[in-house]
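The chain contents come next:
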Amino acid sequence: MFNLVLFGPPGSGKGTQSANIIEKYQLVQLSTGDILRSEVKNETPLGLEAKKFMDQGMLVPDEVVIGMISSKLDENPDVKGFIFDGFPRTVAQAEALDNLLEFKKNPINVVISLLVAEEELKKRLVHRGEVSGRSDDNEEIIMNRIKEYHAKTSPVADYYQSKNKLVEVHGEGTVDEIFAAIATTIDSNL
Ligand code: B4P
């Protein structure tokens, strides 16, 4: 089994690159952002709770997302591996993921961190807001999301660095150029 974490700030291209990785390596994508948006759309109790946080650009509480990931892992017992996209986003989530995977004897193999400058992130997210109508892509909320990233998510990179699992990839350029760098990293860790 091959387990990959795709890490990076909001708008760094995690969702975009996950689509390419799934196609080439047949891994199962677990995107907490996509799962949460689907819960919001279906107006489930979890979705109604999560929406309050997402609409302000805040992270959803750890226990909600950890519970979601745990059930998704149980729903997919016989797969080649997982791409964790947008998860873990706090050190508590990273520790919980390690515990879940240790229990299943399939640890994280590598963490790919996409590096993108803040101006470029803002530009991409404002543009995505204009074309997709996503409710968390307006300028004020984008700034909150970037603040949340610095306060709560960037320490996750140090967590994986201390376990020698972090590989940084330059996340600016064409989608294909970035994917080529990601594929090289995956191939050398398979
Ligand atoms: P996510 O859905 O994870 O969204 P994201 O970080 O904004 O986007 P991503 O990095 O995937 O960027 P994308 O490829 O789309 O999170 C949304 C919210 O959900 C969070 O704010 C939080 O509230 C909640 N949440 C999710 N997970 C959570 C967790 N674990 N714990 C707590 N809360 C959680 O790319 C962005 C744009 O850039 C796109 O328009 C794309 O087309 C463009 N783009 C991509 N690559 C490009 C390139 N190379 N050049 C130019 N543009 C590019």
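The shown structure was predicted, so the numbers you read here are calculated from the model rather than taken from an experiment.

Considerations on helix α3 (residues 45–54)
Then, in step 1: Looking only at α3, the buried set comprises Gly47, Ala50 and Met54. Here the buried residues of α3 occupy an arc of 70° about the axis, which is enough to place them on one side.
Then, in step 2: Tucked inside the fold, the buried residues of α3 contact α2 (32–41) and α7 (139–161).

Focus: the layout of surface pockets
Then, in step 1: There is about 900 Å³ of room inside the largest pocket.
Then, in step 2: Residue lining of the largest pocket: 44 residues in total, with Gly11, Lys14, Arg128, Arg134 and Arg145 positioned closest to the centre.
Then, in step 3: When contributions to the lining of the largest pocket are tallied by element, the ones reaching two or more residues are α1 (14–25), β2 (28–31), α2, α6 (118–132), α7 and α8 (175–189).
Then, in step 4: Tallied by class, residues from the lining of the largest pocket come to 14 nonpolar, 18 polar and 12 charged.

Remarks on the packing of aromatic side chains
Then, in step 1: Taken as a whole and assessed by the stated rule, the structure comprises 4 aromatic pairs.
Then, in step 2: For the pair Phe7 and Tyr149, a centre-to-centre distance of 6.2 Å together with 45° between the ring planes defines the contact as tilted. Highlighted residues: Phe7 in strand β1 (residues 2–7) and Tyr149 in helix α7, separated in sequence by 142 residues. One exposure class covers both Phe7 and Tyr149, and it is buried.
Then, in step 3: Summarising the aromatic geometry, the rings of Tyr159 and Tyr160 are spaced 5.2 Å apart at their centres and angled 80° between planes, so their arrangement reads as edge-to-face.
Then, in step 4: Tyr160 gets classed as buried once you look at its relative accessible area, which sits at 1%.
Then, in step 5: Taken together through their ring pairs, the aromatic side chains of Phe82, Phe84 and Phe87 make up a single cluster.

Details of the side chain of Asp137
Then, in step 1: Mapped onto the secondary structure, Asp137 falls in the loop between α6 and α7.
Then, in step 2: By relative accessible area, which is 6% here, Asp137 ends up buried.

Comments concerning the side chain of Thr32
Then, in step 1: By the secondary structure assignment, Thr32 is in helix α2.
Then, in step 2: Taking relative accessible area as the criterion, Thr32 reaches 3% and is therefore assigned buried.
Then, in step 3: When residues no more than four places from it in sequence are discounted, the contact partners of Thr32 are Val65, Met68, Ile69, Asp85, Gly86, Phe87 and Arg89.

A look at the packing of α2 against helix α4 (residues 62–75)
Then, in step 1: The N-to-C vectors of α2 and α4 enclose an angle of 100°; their axes lie 11 Å apart at closest approach. Between α2 and α4, the interaxial angle falls into the category roughly perpendicular. For the pair formed by α2 and α4, the contact residues are Thr32, Ile35 and Leu36 on the first element and Val65, Met68, Ile69 and Lys72 on the second.
Then, in step 2: When grouped by side-chain class, the residues that make up the contact of α2 with α4 number 5 nonpolar, 1 polar and 1 charged.

Quick notes on empty space enclosed by the protein
Then, in step 1: Inspection of every chain in the model, using the stated rule, returns 1 cavity of 30 Å³ or more.
Then, in step 2: In this structure, the largest cavity is lined by Val5, Leu6, Phe7, Gly8, Lys14, Gly86, Phe87, Pro88, Arg89 and Thr153.
Then, in step 3: Looking at the lining of the largest cavity residue by residue, the classes come out as 5 nonpolar, 3 polar and 2 charged.

Criteria and cut-off values
- Residues numbered from 1 in each chain as written.
- Predicted model: local features only at pLDDT ≥ 70, side-chain atom pairs only at ≥ 80, totals over all residues.
- Heavy atoms only, no water.
- Buried < 20%, exposed > 50% of the residue type's maximum accessible area, 1.4 Å probe, protein only.
- Helix = DSSP H or I, 4+ residues; strand = E, 2+ residues; numbered from the N terminus.
- Arc of directions from axis to C-beta.
- Contact = heavy atoms within 4.5 Å.
- 1 Å grid on protein atoms, 1.4 Å probe; cavity = no way out; pocket = protein on both sides within 12 Å on 5 of 7 lines; lining within 4 Å.
- Points joined across faces, edges and corners; volume = space filled by probe spheres on them.
- Nonpolar A, V, L, I, M, F, W, Y, C, P; charged D, E, K, R; others polar.
- Phe/Tyr/Trp six-rings, centres within 6.5 Å; stacked < 30°, edge-to-face > 60°.
- Axes fitted to C-alpha atoms, helices over the stretch in contact; angles between N-to-C directions.
- Parallel < 35°, antiparallel > 145°, perpendicular 65-115°, else oblique.

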